[in-house]
Amino acid sequence: MSSFLTSKLDHLVPYTPGEQPKDMKYIKLNTNESPFPTSETAQRLALEAASNLQLYSDPECRDLVNTAAEYFGVSTDQIIFTNGSDEVLNFAFMAFCENGAVFPDITYGFYSVFAKLNGVDFKEIPLKQDFSVDINDYMGVNKTVFLANPNAPTGIALGLDDIEKIVKSNPNNVVVIDEAYVDFGAESAISLINKYDNLLVTQTFSKSRSLAGGRLGFGIGSKALIRDLNTIKYSTNPYNVNSMTAAAGIGSLIDDEYIRANCEKIKENREYLVKELKKLDFTMTDSTANFIFAKHSSISGKDIYLRLKEKGVLVRYFDKERLKDYTRITIGSKEQLEVLIDKLKEIIKELL
Ligand SMILES: *Cc1c(COP(=O)(O)O)cnc(C)c1O
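Everything numeric in this text was worked out from a predicted model, so none of it was measured. (Residues numbered from 1 in each chain as written. Predicted model: local features only at pLDDT ≥ 70, side-chain atom pairs only at ≥ 80, totals over all residues. Heavy atoms only, no water.)

A. Here's a closer look at the overall build of the protein. When its secondary structure is counted, the protein shows 10 helices and 13 strands. A compact globule built from 352 residues should have a C-alpha radius of gyration of about 20 Å, and the protein, at 20 Å, falls within 12% of that. Projected onto its principal axes, the C-alpha positions of the protein cover 60 × 50 × 50 Å. In the protein, of all internal contacts separated by at least 6 residues, the share reaching a separation of at least 24 is 74%. If you sum the accessible surface of the protein, you get close to 16500 Å²; carbon and sulfur atoms cover 49% of it. Positive and negative side-chain charges of the protein, numbering 40 and 48 respectively, have mean locations separated by a distance of 3 Å. (Helix = DSSP H or I, 4+ residues; strand = E, 2+ residues; numbered from the N terminus. Rg over C-alpha atoms; globule rule 2.2 N^0.38 Å. Contact = heavy atoms within 4.5 Å. Areas by Shrake-Rupley, 256 points an atom, 1.4 Å probe, with all protein chains shown as cover. Lys, Arg positive; Asp, Glu negative; His and termini not counted. Charge placed at Lys NZ, Arg CZ, Asp CG, Glu CD.)

See the structure below:
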């Protein structure tokens, strides 16, 4: 730390992204990326946009907003695009958290970082023993609610009626539903935005849409909420979505059939992985995401992570008391998962 850093930030511990090591070619099952390539139309449109990079990107992302508004069945002033959904989440912490924020003790690690960055008071509400959310904990909390649905790293989703109860019981606070993984089997709350002006739904193109490197996310909510978020966007970086990424986003929405088919493959592979892991004495949460959260009957999460890494497979391990028995494994291609299972069999032989 330099002596120049503002004292407000000198205790900030940044978010730790999943590792992207370059020392060897790994099978990457640690950051919930898609194993499938970016859609062809997305690639083609991004390349076309690349020939015009002398110009600033459109700060309103008009073409993308028009395409997406039609796709999601909302009006163009109910949607804002950002540099990954991390950015719209950060904006929400900046904009809507005067009374503080609440989120589960086990959830996306960025929420507490954004809260600290923005000087927001926050309370972490413990998940139940089985890692599910008790919705009663979120009834009328009088603070801004952040819920990942499905949750990370557990993959467990709440149903739409439970989400609606939470939104309804907090009319004076924004409820942010982070749907980064919704395309893999949970129900989206976008259908509720015309009914509740305090609901903000965020999604990303990083997971189901194979565009993690493009950095594209968005928020959908009432016109007034979106206007507030735009005030912040235009006060920080109006050109937050670059031209190539905006074009790729349109391509991805055009190639929706390809994206849906990929999501179906992920769901099939998830079933395959669950079945194989059970045979190897793992138990896991009931995931509707593109990862599973699994624990072995006798080998620790850390040992599994370290040994898999030695064998060229990366998974995610969390050094936190309630999570240390677990590893989070991204649902890759069938071929990647077959290698994973083989390596796990070797590890079990070595250790037991
Ligand atoms: C991956 C992820 C995000 C953000 O991803 P971006 O790449 O910034 O769009 C947000 N929330 C959760 C729960 C995630 O797992």
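That covers the picture; the talk isn't over yet.
B. Main features of the nonpolar core. Ranked by size, the top nonpolar core spans 53 residues in total, and within it F81 and L199 carry the most contacts. Beyond its immediate chain neighbours, meaning those up to four positions away, F81 contacts C61, L64, V65, A68, F205, L216, G217, F218, K233, N240 and V241. (Core = buried A, V, L, I, M, F, W, Y, C linked by side-chain atoms within 4.5 Å. Buried < 20%, exposed > 50% of the residue type's maximum accessible area, 1.4 Å probe, protein only.)

C. Highlighting the packing of aromatic side chains. Evaluated as defined, the whole model comprises 23 aromatic pairs. On the numbers, 4.3 Å between centres and 15 degrees between planes, the contact of Y56 with Y239 is stacked. Separated by 183 residues along the polypeptide, Y56 in the loop between α1 (40-50) and α2 (62-72) and Y239 in the loop between α6 (223-236) and α7 (243-254) bring together distant segments of the chain. By relative accessible area, which is 35% here, Y239 ends up partly exposed. For the ring pair Y305 and Y317, a centre distance of 6.1 Å and an interplane angle of 20 degrees mean the geometry is stacked. One end of the pair, Y305, is in helix α9 (residues 301-310); the other, Y317, is in strand β12 (residues 316-317), and 12 residues separate them in sequence. The exposure class of Y305 is buried, given its relative accessible area of 14%. According to the relative accessible area criterion, Y317 is buried, its value standing at 17%. (Phe/Tyr/Trp six-rings, centres within 6.5 Å; stacked < 30°, edge-to-face > 60°.)

D. The arrangement of the sheet that holds strand β6 (residues 175-178) in detail. Reading across the sheet, the seven strands line up as β2-β8-β7-β6-β5-β3-β4 and stay open at both edges, with mixed pairing between neighbours. Either end of the sheet is taken by a strand with one partner, and the two such strands are β2 (79-82) and β4 (122-125). Neighbour-to-neighbour, the strand axes of this sheet turn through a mean angle of 20 degrees, independent of strand direction. (Pairing = 2+ DSSP bridges. Axes fitted to C-alpha atoms, helices over the stretch in contact; angles between N-to-C directions.)

E. Inspection of the pairing of strand β8 (residues 217-221) at higher detail. In terms of burial, β8 is largely enclosed, as five of its five residues are buried. Alternating residues of β8 divide into G217, G219 and G221 and F218 and I220, and every residue in both groups is buried. Pairing analysis gives four bridges linking β2 to β8, with the strands arranged antiparallel. From the neighbouring strand, T82 faces β8, where its bridge partner is G217. Across five bridges, strand β7 (residues 199-204) lies against β8 in antiparallel orientation. Bridging from a neighbouring strand, T202 pairs with G219 of β8.

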